[in-house]
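# Secondary and tertiary structure notes
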Amino acid sequence: MAVVEQPLLMVESISAGYGRVDVLQDVSLHVHAQEVVAIIGPNGAGKSTVLKTIMGFLKPSKGDVHFDGQRITGMATHHVVRVGLGYVPQGRVVFPHMTVLENLEMGAFTVSDPRAVKVSLDETFALFPRLAERRSQLAGTMSGGEQQMLSIGRSLMTKPKMILLDEPSLGLSPRFVDMVFEQILALKIRGMAIAMVEQNAARALEIAHRGYVLELGRNKYEGEGSELATDARVRKMYLGG
Amino acid sequence: MSSILEVEGLKVSFGGLTAVNGLSFAITEGSITGLIGPNGSGKTTAFNLISGVIKPDAGRVVLNGRNVAGWAPHRITAQGLARTYQISRVFGQMTVWENMMVAAGRATHPPAERARLLLERVNLYDHRDAMGADLSYGQAKLLEIVRSLMLEPKLLLLDEPFAGVNPTMGQTVLAILHELHAEGLTILVVDHAMSIIMNLCERLLVMDMGALIADGPSTQIQQNEEVIEAYFGRRGAKLVEAAAGATNSDGEA
Amino acid sequence: MIAVSSLRPTTTRGAIGLAVGVAILAALAVVPFVLPSYRTALFVLTFMYITLASSWNIISGYTGYVSFGHAAFFGLGAYSAALLMIRLSVHWILACIAGGLLAAVVAVPLGFILLRLRGPYFAISMLGLSAALQIVASSWTPMTRGGSGLSLPPTLNLVESYFAMALSMLVVLFVSYLIITSRYGLRLIAIREDEGAAESMGINTTAHKVSAFVISAFFPGLVGGVYAWYLAYIDPTSVFRPILSIDMIIMSMFGGAGTVFGPVIGGVVLTAIAEAFWARLPELHQAVFGVLVIIIVLFMPGGVMNLLRTRGLLPRNWRI
């Protein structure tokens, strides 16, 4: 990958946490445009906390976050979205009593131009034809995999330059895990920059260009996706090895 | 050594999702066992089934020879089981002392004496008049543990006692558990703090997708490929080809 | 019921409290003989409201199961006692006790059924119950004479009513005190704080909730009978009206739900306010109550007693 230009997302030595204790200590990572980066690690590594700090749900006690050349450290979440970051939270958060279409429209809440919304909708439907088929279906009646698709689709409605995915395959059966990774692959093919926190490290590293391995709130390893996937040290880490 | 707890074919589903699917294992009296597994493997659900918080769809939970599957929690507790929760459920509008007193049932020792001794072990006796709501995270965890000991259980289920706890507090919790084990209490622990669990527990039960995938000494489990795969994840077969073909995986545009 | 020693007051505090208590009781004992009837009647009403608020407190303040229709038991007691006095010429004291017992007995199956319902649903179900009983009282004309109400043979009974209400109040307060300083009461608080955790700790929450509910039903039933005898007339509206249930709640909450004296403070203050407004502006007192609810919710949740606790004037776990 031609890596001369500035990374799209730069997280520099952030420390952050909930309350008095910092869960993250001095964590750094970066993601280039069109790059898929996986953030993996055993439980308690603070992976989701990294995404929450980037998105502004938490303010870091130390460190900086830059996106697209702009300093976004501690910026309010809705501003972070406006700057071009999309966020797909953990757990397939959809509005169960609204239709697929309504859910997507909710995703475009910050977009004032209705024509832009229509364009985004068309693009999302093109990317995920299954959502087009089910546009009038109530989100609560869809399968886990479809709900995740909808959640991702909704994040696309603001035309982000980059998407943060928080544990997209969590709690899904193997069949739906396949479905979700196909969706992520589709995004990758379209050239979307992605930072993905995943519990299923093997799958995440398979699809990612690069990966960061966190342990107990700190950077532990970093490397090409394929390298990390076969690195015995990484695998053993999960069982306290 | 007899089995204090025998779980046989335990099964429960919520809607379309089978959270626990034919779980079976036995716990020897006086042992300290760890129950581990990736997120969503059904560990907490298993605890909830054993302690009566949820009723199973099928299977047996044999505690001291009696099948308590489906019993109300307070009756299972009366049979000698106590448990703690992932997020400590200490009674906020009561003092530390009152928290201990409310657990004291028809205990053999005078409850006040027992409570004092237990609180002193975890350095909470001096805080006995503090309200539950004012305790720190770690203190609440310790209180929940000693409070459960007021019930004089024979089997203690601990749900993530090390979660979110700083290293110093973790040492205190570890020390208490070692002591209790030495005193003959049977302990079953769920936690994600791998290195601690590996050291603390003689034996590990590993769950994935609602069932047991491994059962053995910690050192063996650490090398077990299937267990590693359960945590690390399995690669998707067709995805590998698709990824290789469809994208410029080294990024050349 | 075993006492939790840290909850019963220490000797010096206890001695002072006892002395003050005896003084107050002595003063109250002479009221009907020194004050004009009008003022004595106000005391009767206050004692009744304190009893009602305190009863509500036993189920709702202690276990957290908020009842929005406790007037149901008041009305049940009133009608049962009235009918016993009218139809069977039962002595008023026996009739009132029977009214209380009937309410308590009805509360048993009711408790088992309704206390399974979560918070808002339990509240609404009690509201529905008192509304339903009001309709029964209005419609079952052969028994209750419907909307016309029941008239009892009038007696000059201010002094006896005064002491009957006072005694009921003292008994319910004493029972509240015994409960809240015992381990049984601590278990009720545990249910309020976290019912699931309480269950896990071996507490039979159903048995505890139902028993508290039954106790909380007896006293309204009892004073319902006294009320009927005192006024010599009751009708469905006067004994089942929703505002009665609401008044109990506001009084207990204003004074401090979950404590013994909270309902006393609430009962005294709010009855005084109602009385002050009633003479001049009858409807305004309800508006004042409404404002009070807002003040309680915004500035003093937990009522007066909690204010004392948070200011450090009372220990943080003071429930008396």
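The coordinates are above.
So, a few notes on the structure that sits alongside this text. (Residues numbered from 1 in each chain as written. Chains lettered and ligands numbered in written order. Predicted model: local features only at pLDDT ≥ 70, side-chain atom pairs only at ≥ 80, totals over all residues.)

## Notes on helix α1 (residues 47-55) of chain A
Residues and elements named next belong to chain A. Counted residue by residue, α1 has eight buried out of nine residues, so it is predominantly covered. Listed as buried for α1 are Lys47, Thr49, Val50, Leu51, Lys52, Thr53, Ile54 and Met55. Looking one or two residues past α1, glycine 56 carries a phi angle of roughly 90 degrees, positive in sign. (Buried ≥ 20, exposed ≤ 12 C-beta atoms within 10 Å, placed from the backbone. Helix = DSSP H or I, 4+ residues; strand = E, 2+ residues; numbered from the N terminus.)

## Focus on the arrangement of the chains
Comparison of the two pairs of chains in contact shows the highest number of contacts for chains A and B. Separated in space, chain A and chain C share no contact, their closest pair of C-alpha atoms being 22 Å apart. (Contact = placed C-beta atoms within 7 Å.)

## Topic: the interface of chain C and chain B
Taken together, the contact between chain C and chain B spans 19 residues of the former and 21 residues of the latter. With six residues, the single largest contributor to the side of chain C that touches chain B is helix α8 (residues 183-193) of chain C.

## Things to note about the packing of helix α3 (residues 71-88) of chain C against helix α10 (residues 205-231) of chain C
Residues and elements named next belong to chain C. Contact geometry for α3 and α10: axes closest at 6 Å, N-to-C directions at 50 degrees. Here α10 runs oblique to α3, going by the angle between their axes. Handedness of the crossing formed by α3 with α10: right-handed. Seen from α3, the contacting residues are Phe73, Phe74, Gly75, Leu76, Gly77, Ala78, Ala81, Ala82 and Met85; seen from α10, they are Ala217, Pro220, Gly221, Leu222, Gly224, Gly225, Tyr227, Ala228 and Trp229. Of the residues that constitute the contact of α3 with α10, the class distribution is 13 nonpolar, five polar and no charged. (Axes fitted to C-alpha atoms, helices over the stretch in contact; angles between N-to-C directions. Parallel < 35°, antiparallel > 145°, perpendicular 65-115°, else oblique. Left-handed = near helix turned anticlockwise from the far one by under 90°. Nonpolar A, V, L, I, M, F, W, Y, C, P; charged D, E, K, R; others polar.)

## Looking at the pairing of strand β8 (residues 193-197) of chain A
Residues and elements named next belong to chain A. For β8, a buried count of five out of five residues is recorded, marking the element as mostly surrounded by other parts of the structure. On β8, burial covers both faces: Ala193, Ala195 and Val197 on one face and Ile194 and Met196 on the other are all buried. Relative to β8, strand β3 (residues 36-40) runs parallel, the two being bridged by four bridges. Bridge pairing links alanine 38 to methionine 196 in β8. Note that strand β7 (residues 162-166) and β8 share five bridges and pair parallel. Residue pairing across strands places methionine 162 opposite alanine 193, the latter belonging to β8. The parallel pair β7 and β8, bridged by helix α7 (residues 174-189), forms a crossover whose chirality is right-handed. (Pairing = 2+ DSSP bridges. Right-handed = clockwise from strand over helix to strand, strands pointing away.)

## Some points on the pairing of strand β3 (residues 32-36) of chain B
All names here are of chain B. Counting buried positions along β3 gives five out of five residues, so the element sits mostly inside the fold. Residue alternation in β3 divides its side chains into two sets, Ile32, Gly34 and Ile36 and Thr33 and Leu35, and both sets are buried. Where β3 and strand β8 (residues 186-190) come together, four bridges link them in parallel fashion. Within β8, the residue paired with threonine 33 across the bridge is leucine 188. Sheet topology note: the β3/strand β9 (residues 203-208) ladder contains four bridges and is parallel. Across the sheet, glycine 34 pairs through a bridge with leucine 204, a residue of β9.

## Focus: helix α4 (residues 111-121) of chain B
All names here are of chain B. Restricting attention to buried positions, one finds in α4 the residues Ala115, Leu118 and Leu119. Looking straight down α4, one finds its buried side chains confined to an arc of 100 degrees; they lie on one side. Of the surrounding secondary structure, the elements contacted by the buried residues of α4 are α3 (96-103) and α5 (137-149). (Arc of directions from axis to C-beta.)

## Section: the interface of chain A and chain B
Counting residues at the interface gives 25 residues for chain A and 26 residues for chain B. Contributing elements (two or more residues each) for the side of chain A that touches chain B: α7 and α8 (201-207) of chain A. Class assignment for the residues of the side of chain A that touches chain B results in 12 nonpolar, eight polar and five charged.

## Points about the environment of glycine 302 of chain C
All names here are of chain C. Its place among the elements puts glycine 302 in the loop between α14 (284-299) and α15 (303-310). Given 18 C-beta atoms within 10 Å, glycine 302 falls into the partly exposed group. Between the C-alpha atom of glycine 302 and that of glycine 262, which follows or precedes it by 40 residues, the distance is 9.2 Å.

## What to know about the sheet that holds strand β9 (residues 210-215) of chain A
Residues and elements named next belong to chain A. Read across the sheet, six strands follow the order β6-β7-β8-β3-β9-β10 without closing on themselves; strand pairing throughout is mixed. Whereas interior strands pair on both sides, the edge strands pair on one side only; in this sheet they are β6 (85-88) and β10 (218-224). Between one strand and the next, the sheet's axes are offset by a mean angle of 15 degrees, whatever the strand orientation. Where β3 lies against β9, four bridges are found, and the strand directions are parallel. In the strand pairing of β9, isoleucine 39 is matched with tyrosine 212. On the sheet, α1 packs against β3, β6, β7, β8 and β9 and is oriented at approximately 145 degrees with respect to β7. Along the sheet face, helix α6 (residues 144-156) touches β6 and β7 and points at about 160 degrees away from the line of β6.

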